[in-house]
Amino acid sequence: MRLVLVVAAALVDADGRVLMAQRPEGKALAGLWEFPGGKVEPGERPEETLIRELAEELGIEVREPCLAPLTFASHAYPDFHLLMPLYICRRWEGIPQSREGQALRWQRPGALRDLPMPPADLPLIPFLIDLLGP
Ligand code: 9L3
Ligand code: MG
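Residues numbered from 1 in each chain as written. Chains lettered and ligands numbered in written order. Predicted model: local features only at pLDDT ≥ 70, side-chain atom pairs only at ≥ 80, totals over all residues. Heavy atoms only, no water.

- For the chain, an unreviewed UniProt entry supplies the name 8-oxo-dGTP diphosphatase and the organism Methylorubrum salsuginis.
- Entered under Sequence similarities (unreviewed entry) in the UniProt record, the comment concerning the chain runs "Belongs to the Nudix hydrolase family."
- Entered under Cofactor (unreviewed entry) in the UniProt record, the comment concerning the chain runs "Mg(2+)". (UniProt positions renumbered as here; feature names shortened; annotations may be inferred.)

## Quick notes on the overall build of the chain
Argument step 1. When its secondary structure is counted, the chain shows two helices and seven strands.
Argument step 2. Ordered by position in the sequence, the α and β elements of the chain form the string β-β-β-β-α-β-β-β-α.
Argument step 3. Relative to a compact globule of 134 residues, whose C-alpha radius of gyration would be 14 Å, the chain shows 14 Å and is just as compact.
Argument step 4. For the chain, the spread of C-alpha atoms along the three principal axes comes to 40 × 30 × 30 Å.
Argument step 5. Looking at the chain residue by residue over its 134 residues, the buried ones come to 44%. (Helix = DSSP H or I, 4+ residues; strand = E, 2+ residues; numbered from the N terminus. Rg over C-alpha atoms; globule rule 2.2 N^0.38 Å. Buried < 20%, exposed > 50% of the residue type's maximum accessible area, 1.4 Å probe, protein only.)

## Notes on the coordination of the magnesium ion (ligand 2)
The textbook angles at a metal center are 109.5 degrees for a tetrahedron of four donors and 90 or 180 degrees for an octahedron of six.
Argument step 1. Taken together, Gly-37 (O) and Glu-57 (OE) make up the protein donors of the magnesium ion (ligand 2), found 2.3 Å from the metal. Here Gly-37, found in strand 4 (residues 37–39), pairs with Glu-57, found in helix 1 (residues 46–58); they are 20 residues apart in sequence, far enough to count as distant. Like Glu-57, Gly-37 is buried. (Donors = N, O, S within 2.8 Å, 3.2 Å for Na, K, Ca; no water.)

## Quick notes on the pairing of strand 1 (residues 2–11)
Argument step 1. Across the 10 residues that make up strand 1, a large majority, seven, are buried.
Argument step 2. Bridge analysis of strand 1 against strand 6 (residues 80–89) gives eight bridges, and the strand direction is parallel. In the strand pairing of strand 6, Ala-9 is matched with Tyr-87.
Argument step 3. Sheet topology places strand 1 next to strand 4; three bridges connect them, and they run antiparallel. (Pairing = 2+ DSSP bridges.)

Pasting the structure below:
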(Lines give C-alpha, C1' and ligand atoms only; values in the text may rest on other atoms or scores of the structure.)
(Ligands and ions follow the chains in the order given, each with its own letter.)
Protein backbone atom coordinates (compact mmCIF):
# COMPACT_ATOMS: atom_id res chain seq x y z
CA MET A 1 0.00 0.00 0.00
CA ARG A 2 1.30 3.46 -0.91
CA LEU A 3 2.29 5.55 2.11
CA VAL A 4 1.56 9.28 1.83
CA LEU A 5 3.08 11.76 4.26
CA VAL A 6 0.91 14.82 4.93
CA VAL A 7 1.74 17.49 7.51
CA ALA A 8 -0.95 19.43 9.36
CA ALA A 9 -0.95 22.35 11.78
CA ALA A 10 -3.04 23.22 14.80
CA LEU A 11 -2.79 27.01 14.83
CA VAL A 12 -3.73 27.95 18.39
CA ASP A 13 -4.83 31.50 19.29
CA ALA A 14 -4.64 33.28 22.66
CA ASP A 15 -8.04 31.84 23.70
CA GLY A 16 -6.97 28.28 22.92
CA ARG A 17 -9.04 28.13 19.76
CA VAL A 18 -7.80 26.17 16.77
CA LEU A 19 -8.07 27.22 13.12
CA MET A 20 -10.05 24.80 10.95
CA ALA A 21 -10.28 25.02 7.16
CA GLN A 22 -13.05 23.60 5.00
CA ARG A 23 -11.78 21.67 1.98
CA PRO A 24 -13.04 23.45 -1.16
CA GLU A 25 -15.26 22.02 -3.89
CA GLY A 26 -13.35 20.05 -6.47
CA LYS A 27 -10.84 18.62 -3.99
CA ALA A 28 -10.95 15.19 -2.40
CA LEU A 29 -13.07 15.23 0.80
CA ALA A 30 -14.68 18.54 -0.24
CA GLY A 31 -16.73 20.20 2.51
CA LEU A 32 -14.94 18.48 5.40
CA TRP A 33 -13.12 20.58 8.02
CA GLU A 34 -9.43 19.85 8.44
CA PHE A 35 -6.28 21.03 10.11
CA PRO A 36 -4.54 23.07 7.40
CA GLY A 37 -1.61 21.40 5.66
CA GLY A 38 -0.76 19.19 2.75
CA LYS A 39 1.41 16.58 1.09
CA VAL A 40 5.16 16.45 1.56
CA GLU A 41 6.69 16.76 -1.93
CA PRO A 42 9.78 14.77 -2.95
CA GLY A 43 12.94 16.46 -1.68
CA GLU A 44 11.12 18.49 0.99
CA ARG A 45 11.65 18.25 4.71
CA PRO A 46 8.26 18.04 6.48
CA GLU A 47 8.91 21.35 8.24
CA GLU A 48 9.48 23.00 4.86
CA THR A 49 6.19 21.57 3.64
CA LEU A 50 4.33 22.99 6.61
CA ILE A 51 5.85 26.44 6.06
CA ARG A 52 4.99 26.29 2.33
CA GLU A 53 1.43 25.00 2.81
CA LEU A 54 0.54 27.58 5.46
CA ALA A 55 1.89 30.36 3.25
CA GLU A 56 -0.06 29.07 0.21
CA GLU A 57 -3.34 28.33 1.97
CA LEU A 58 -3.44 31.06 4.63
CA GLY A 59 -0.81 33.67 3.75
CA ILE A 60 0.96 33.33 7.09
CA GLU A 61 4.56 32.59 7.99
CA VAL A 62 5.44 30.14 10.74
CA ARG A 63 8.95 29.74 12.05
CA GLU A 64 11.03 26.77 13.09
CA PRO A 65 10.58 27.01 16.91
CA CYS A 66 6.87 26.21 16.76
CA LEU A 67 7.42 23.29 14.43
CA ALA A 68 7.61 20.27 16.72
CA PRO A 69 5.07 17.59 15.90
CA LEU A 70 3.40 16.58 19.15
CA THR A 71 1.35 13.73 17.85
CA PHE A 72 0.70 11.70 14.71
CA ALA A 73 -2.47 10.62 12.98
CA SER A 74 -2.78 7.84 10.46
CA HIS A 75 -5.59 6.51 8.34
CA ALA A 76 -5.88 3.74 5.76
CA TYR A 77 -7.80 4.97 2.72
CA PRO A 78 -8.78 2.38 0.08
CA ASP A 79 -5.87 3.35 -2.18
CA PHE A 80 -3.21 4.75 0.19
CA HIS A 81 -2.16 4.95 3.80
CA LEU A 82 -1.90 8.46 5.24
CA LEU A 83 0.64 9.36 7.92
CA MET A 84 0.08 12.84 9.34
CA PRO A 85 2.15 14.52 12.07
CA LEU A 86 0.32 17.41 13.76
CA TYR A 87 2.41 20.50 14.52
CA ILE A 88 1.26 22.86 17.26
CA CYS A 89 1.80 26.51 16.28
CA ARG A 90 1.10 29.33 18.71
CA ARG A 91 2.97 32.10 16.90
CA TRP A 92 3.03 33.16 13.26
CA GLU A 93 3.47 36.26 11.14
CA GLY A 94 0.38 37.73 9.46
CA ILE A 95 -3.34 37.10 9.81
CA PRO A 96 -4.68 33.82 8.42
CA GLN A 97 -6.78 34.48 5.32
CA SER A 98 -8.49 32.18 2.86
CA ARG A 99 -6.13 32.00 -0.14
CA GLU A 100 -7.74 29.01 -1.85
CA GLY A 101 -11.45 29.73 -1.43
CA GLN A 102 -11.70 27.61 1.72
CA ALA A 103 -13.93 28.69 4.60
CA LEU A 104 -12.04 29.21 7.88
CA ARG A 105 -13.15 29.12 11.46
CA TRP A 106 -11.65 29.27 14.93
CA GLN A 107 -13.02 26.58 17.18
CA ARG A 108 -12.43 25.44 20.76
CA PRO A 109 -11.24 21.81 20.82
CA GLY A 110 -14.42 20.72 22.62
CA ALA A 111 -16.52 22.07 19.73
CA LEU A 112 -14.57 20.31 16.98
CA ARG A 113 -16.90 17.31 17.13
CA ASP A 114 -19.64 19.53 15.66
CA LEU A 115 -17.69 19.80 12.39
CA PRO A 116 -17.59 17.01 9.82
CA MET A 117 -13.89 16.13 9.51
CA PRO A 118 -11.75 13.76 7.43
CA PRO A 119 -11.26 10.42 9.21
CA ALA A 120 -7.52 11.09 9.67
CA ASP A 121 -8.20 14.31 11.62
CA LEU A 122 -10.85 12.96 14.02
CA PRO A 123 -8.49 11.11 16.41
CA LEU A 124 -6.61 14.37 16.98
CA ILE A 125 -9.58 15.93 18.82
CA PRO A 126 -9.02 14.17 22.18
CA PHE A 127 -5.34 15.05 21.97
CA LEU A 128 -6.19 18.76 21.57
CA ILE A 129 -8.77 18.63 24.38
CA ASP A 130 -6.04 17.21 26.65
CA LEU A 131 -3.57 19.87 25.54
CA LEU A 132 -5.85 22.94 25.52
CA GLY A 133 -8.97 22.00 27.47
CA PRO A 134 -12.44 21.47 25.95
N1 9L3 B 1 -5.74 15.27 4.57
C2 9L3 B 1 -6.43 14.99 5.69
N3 9L3 B 1 -6.40 15.83 6.74
C4 9L3 B 1 -5.69 16.99 6.67
C5 9L3 B 1 -4.96 17.31 5.49
C6 9L3 B 1 -4.15 18.58 5.39
C7 9L3 B 1 -5.00 16.40 4.44
N8 9L3 B 1 -5.69 17.81 7.76
C9 9L3 B 1 -5.79 14.30 3.45
C10 9L3 B 1 -6.69 14.75 2.34
C11 9L3 B 1 -6.05 14.15 1.13
C12 9L3 B 1 -4.56 14.08 1.46
O13 9L3 B 1 -4.49 14.19 2.89
O14 9L3 B 1 -6.52 12.82 0.97
C15 9L3 B 1 -3.72 15.16 0.81
O16 9L3 B 1 -4.17 16.44 1.18
P17 9L3 B 1 -4.25 17.66 0.10
O18 9L3 B 1 -2.90 17.73 -0.53
O19 9L3 B 1 -5.35 17.28 -0.86
O20 9L3 B 1 -4.58 18.88 0.93
MG1 MG C 1 -3.94 21.20 1.74
